[in-house]
Amino acid sequence: MKPVFAKLCEAFIFNKKKRREFRQEQVSKTLEYQIAELKKEVEAQRRMLSYTLNPLTMPPARGFNRVVQLLSLEVLKDVVRVCDKHGIQYWLDYGTLLGAVRHRGFIPWDDDIDISMPYTELLRFQEVAHELECCQLKLPIGSMGKVVHNDFLPESDEEWTQVYRIGTYDKIYPMVDIFPVHYLKEEWTPELAHAHVVDVCEKLYFAYEKAEKLQGRTLETWEEVFRQLEHEEEKLISSEPSSYVFTSIRWHWQHHIAPVSLIYRSKDIFPLKKANYEGEEYSIPANSELKLFKRYGEWWNVQFVGTHMFFSEVATEHLEKLIEHGKRLGCM
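What you see is a predicted model; the values in this text were computed from it and never measured.

Draft legend 1. A nonpolar patch on the surface, seen in detail. On the surface, a nonpolar cluster with roughly 250 Å² of combined accessible area is contributed by Met48, Leu49 and Leu53. When you line up the elements, Met48 lands in helix H2 (residues 16–52).

Structure representation (structure tokens):
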């Protein structure tokens, strides 16, 4: 119901155009209020579910989602085999780390695998990536690494760019994301470093949006923007171990955000330890529980997040490949 004042105002606006504009403005304000109230209600329901449900009793993934999980796990095993052979440091991170700590495997609704590496280790890994058997690494200049299963490889540089541009692909890419991590120079406090990263993320985001409009969506465009802004991140990077580490902006800029959880104490990461994930041992940070809390908050409760893949939109040939692999893996 409209406020009395609004009704009176509407009644005494004689100009037809202004009266229509006034009504539209009032409707807009009403809708904004309703949307805000609906968001509050949804958040309240989400929080109630997060406190009520026990994530440890939730059933594992099934169908196509489980096939993608197991194919991504094959990629992880291949990556870790090469890392162990050459003494390259890595650790499970983000949702994969949460799965290892809370589920000893995949979060039921997760559909990819995340690991982190010191950037110098990632460059070493790039040199020996030809030893990978079931997957292929793509590491554009100044970007994070993506290791994709051989049976689902992008067919061109343009398609690889789609994989890097989050939320823009409609095919299946069972893969492992590799996040570069740097030591932070001692003269930078976490607060100052975060403010700097926020600024760089904004610059990078708008620079790429502009370049993409002018030159198209290509890996060359991607790499050129990183070249222009690389020195901004280098201001933070220490060549020696230091008290803090930070995750490179090479991923988070796409969200146009830079969460505080990009920066961690080195002692919360190193020395690495082992944890069970889907029946095998993998490296995780020294203080994984604290790291997860900084990233997700109350990680022991259910965190409802969206999937990366929408199978209803996937091409038929990719679905047929998933069915074949599902039969091979015994989950379809």
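Draft legend 2. Layout of the packing of helix H3 (residues 63–86) against helix H11 (residues 316–329). The geometry of H3 relative to H11 is characterised by a closest axis approach of 9 Å and an angle of 75° between their N-to-C directions. The orientation of H3 relative to H11 falls into the category roughly perpendicular. Residues Phe64, Val67, Val68, Leu70, Leu71 and Glu74 of H3 form the contact with H11, whose own contacting residues are Leu319, Leu322, Ile323, His325, Gly326, Arg328 and Leu329. Along the lines of polarity and charge, the residues of the contact of H3 with H11 split into nine nonpolar, two polar and two charged.

Draft legend 3. Structural detail: the pattern of salt bridges. Throughout the structure, instances matching the rule amount to 12 salt bridges. One salt bridge connects Lys77 with Glu280, and the closest N-O pair in it is separated by 3.4 Å. Of this pair, Lys77 sits in helix H3 while Glu280 is found in strand E10 (residues 280–284), placing the two residues 203 residues apart along the sequence. Of the residues examined, Lys77 reaches a relative accessible area of 35% and is grouped as partly exposed. Here Glu121 makes a salt bridge to Arg124, at a shortest N to O gap of 3.1 Å. Separated by three residues within a single helix, Glu121 and Arg124 lie in helix H5 (residues 119–128), roughly one turn from each other. By relative accessible area, Glu121 is classed as buried at 11%. Under the relative-accessibility criterion, Arg124 is labelled partly exposed at 33%.

Draft legend 4. Fine view of the nonpolar core. Counting residues in hydrophobic clusters, the biggest one holds 40 residues, and the most contacted among them are Leu76, Ile115 and Phe125. Among the elements of the structure, H3, helix H4 (94–102), strand E2 (113–118), H5, strand E3 (135–138), strand E5 (175–184), strand E9 (273–277) and E10 are those that each provide at least two residues to this core. The element contributing the most residues to this core is H3, with eight residues. Beyond its immediate sequence surroundings of up to four residues, Phe125 is in contact with Val79, Val82, Cys83, Ile88, Met117, Leu132, Leu137, Val147 and Ile178. Tyr164, Val200, Tyr208 and Leu229 belong to the second largest nonpolar core, which has 27 residues in total.

Draft legend 5. The arrangement of the layout of surface pockets in detail. When its volume is computed, the second largest pocket comes out at roughly 300 Å³. Looking at the second largest pocket, it is lined by 20 residues, and the ones nearest its centre are Tyr119, Thr120, Val181, His182 and Ser238. Within the residue set of the lining of the second largest pocket, elements represented by two or more residues are H5, E5, helix H8 (219–234) and strand E6 (237–238). It is H5 that contributes the most residues to the lining of the second largest pocket, four residues altogether. Here the residues of the lining of the second largest pocket are counted per class, giving 10 nonpolar, five polar and five charged.

Draft legend 6. Highlighting the packing of aromatic side chains. Following the criterion strictly, the structure yields eight aromatic pairs and no others. Aromatic side chains Tyr94 and Phe179 sit 4.7 Å apart centroid to centroid with 45° between the ring planes, which places their arrangement in the tilted category. With a gap of 85 residues between them, Tyr94 in helix H4 and Phe179 in strand E5 connect regions that are remote in the sequence. Considered together, Tyr94 and Phe179 belong to a single accessibility category, that of buried residues. Between Phe293 and Trp300 the ring centres are 6.1 Å apart and the planes differ by 5°, which places this aromatic pair in the stacked class. What makes Trp300 partly exposed here is its relative accessible area of 43%.

What counts, and where the lines are drawn
- Residues numbered from 1 in each chain as written.
- Predicted model: local features only at pLDDT ≥ 70, side-chain atom pairs only at ≥ 80, totals over all residues.
- Heavy atoms only, no water.
- Patch = residues over 30% accessible without salt bridge, like charges linked within 9 Å, V, L, I, M, F, W, Y side chains within 5 Å.
- Areas by Shrake-Rupley, 256 points an atom, 1.4 Å probe, with all protein chains shown as cover.
- Salt bridge = Lys/Arg side-chain N within 4 Å of Asp/Glu carboxyl O.
- Helix = DSSP H or I, 4+ residues; strand = E, 2+ residues; numbered from the N terminus.
- Axes fitted to C-alpha atoms, helices over the stretch in contact; angles between N-to-C directions.
- Parallel < 35°, antiparallel > 145°, perpendicular 65-115°, else oblique.
- Contact = heavy atoms within 4.5 Å.
- Nonpolar A, V, L, I, M, F, W, Y, C, P; charged D, E, K, R; others polar.
- Buried < 20%, exposed > 50% of the residue type's maximum accessible area, 1.4 Å probe, protein only.
- Core = buried A, V, L, I, M, F, W, Y, C linked by side-chain atoms within 4.5 Å.
- 1 Å grid on protein atoms, 1.4 Å probe; cavity = no way out; pocket = protein on both sides within 12 Å on 5 of 7 lines; lining within 4 Å.
- Points joined across faces, edges and corners; volume = space filled by probe spheres on them.
- Phe/Tyr/Trp six-rings, centres within 6.5 Å; stacked < 30°, edge-to-face > 60°.

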